[in-house]
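Architecture and fold: a report
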Amino acid sequence: MNSVSPAHDSAAHSHGVALAAERRWSVIVAVIITLLVLMMIFTGLHWGAMPPSRVETINSRTLHLSGEFVENNLGTSIGADGKVVARLIAQQYSFEPQCIVVPAEMPVTFRGTSTDAVHGFVVGTTNANVMLIPGFVATFTTTFKKTGEQLMPCHEYCGTGHEAMWARVQVIPPGEFMARANRGQRLNCVSR
Ligand code: CUA
C-alpha cells in the first residue's frame, strides 16, 4: 500500500470534527449546569424562595365547621401579637376570600389550605408563591413593597376549571390598613 487513501483521510477528518464538537458541547452543558446551580443558590438566598419550613396538618373535611379556617375567620386581621395574618382557603375553583387586602411595607403572614385538590397561588410579580395541599396548612411571610392591585392566579393544575381560578390582592398603605383593621374586623375587598 502506498499513501493514505482520500477516503481514510476524510474519515479521520470527520472523527476529529466529531471530537471537537463533543468537547465544545460538554463545555457548554457544564456552563449551563453551573449557571442553573448558581441561580438556585442566588434565588434561594435573595428571593426567599424556600420550601415550606414547617409541617402543620389540618383535617380538610371539617375546615368549614370549626377551627381557624371557618368562613368568618378568613381574610386579613391583626393578631394578638400585632402581626398581620391573611387567612384563605382554596377550593375547586375559587379562593376564599376572592379579594385579599394587605398592607404595604409590613410583614404579612399568609396561612392557607385547600379543601379538595392541590392548588397554589402566586401574587403578581412578587415572591409570594405557595402550594396549597389538602390536609396541610401552608404558611409564609412576605412584605409587599408597592401599593396597588395584583392578580393572584392558581398555579397548580387542579381540574377543568383551573384556568378560571384566581383572586385579587389589594396592597394598601399601612396607615389605611391599620385604621381599618383596628376596628377589629377581618378585612377583605370582596364587593358585596
Ligand atoms: Cu386551583 Cu388550579
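Attention in this report is confined to the structure presented alongside it.

Reading the values: rules and limits
- Residues numbered from 1 in each chain as written.
- Predicted model: local features only at pLDDT ≥ 70, side-chain atom pairs only at ≥ 80, totals over all residues.
- Heavy atoms only, no water.
- Core = buried A, V, L, I, M, F, W, Y, C linked by side-chain atoms within 4.5 Å.
- Buried < 20%, exposed > 50% of the residue type's maximum accessible area, 1.4 Å probe, protein only.
- Helix = DSSP H or I, 4+ residues; strand = E, 2+ residues; numbered from the N terminus.
- Polar contact = N/O pair within 3.5 Å; in protein donor to acceptor, adjacent residues only side chain to side chain.
- Contact = heavy atoms within 4.5 Å.
- Disulfide = S-S within 2.5 Å.

1. Here's the deal with the nonpolar core
Across soluble globular proteins, nonpolar side chains have a tendency to be buried as a group. Ranked by internal contacts, the top residues of the largest apolar core, which has 33 residues, are Phe 95, Val 102, Phe 110, Phe 121 and Met 152. The set of elements that each furnish at least two residues to this core consists of β2 (84–91), β4 (99–103), β5 (107–114), β7 (129–132), β8 (138–143), β10 (166–172) and α2 (174–181). Listed in part, the five residues of the second largest apolar core include Leu 63, Phe 69, Ile 89 and Val 137.

2. Considering the side chain of His 119
Here His 119 shows up in strand β6 (residues 119–122). His 119 gets classed as buried once you look at its relative accessible area, which sits at 0%. Of the polar contacts made by the side chain of His 119, one reaches the side chain of Asp 116; its length is 2.8 Å. With sequence-adjacent residues up to four places away left out, His 119 is seen in contact with Ala 90, Gln 91, Gln 92, Ser 114, Met 131, Leu 132, Cys 154, Glu 156, Cys 158 and Met 165.

3. Focus on the state of the cysteines
Tallied over the entire structure, the rule returns one disulfide. In this model, Cys 99 is linked to Cys 189 through a disulfide, with the two sulfur atoms separated by 1.8 Å. Because the sign of the S-S torsion sets the handedness, a value of about -90° for the bond joining Cys 99 and Cys 189 places this disulfide among the left-handed ones. Of this pair, Cys 99 sits in strand β4 while Cys 189 sits in the segment after α2; the two residues are 90 residues apart in sequence, bridging distant segments of the chain. Both residues of the pair, Cys 99 and Cys 189, belong to the buried class.

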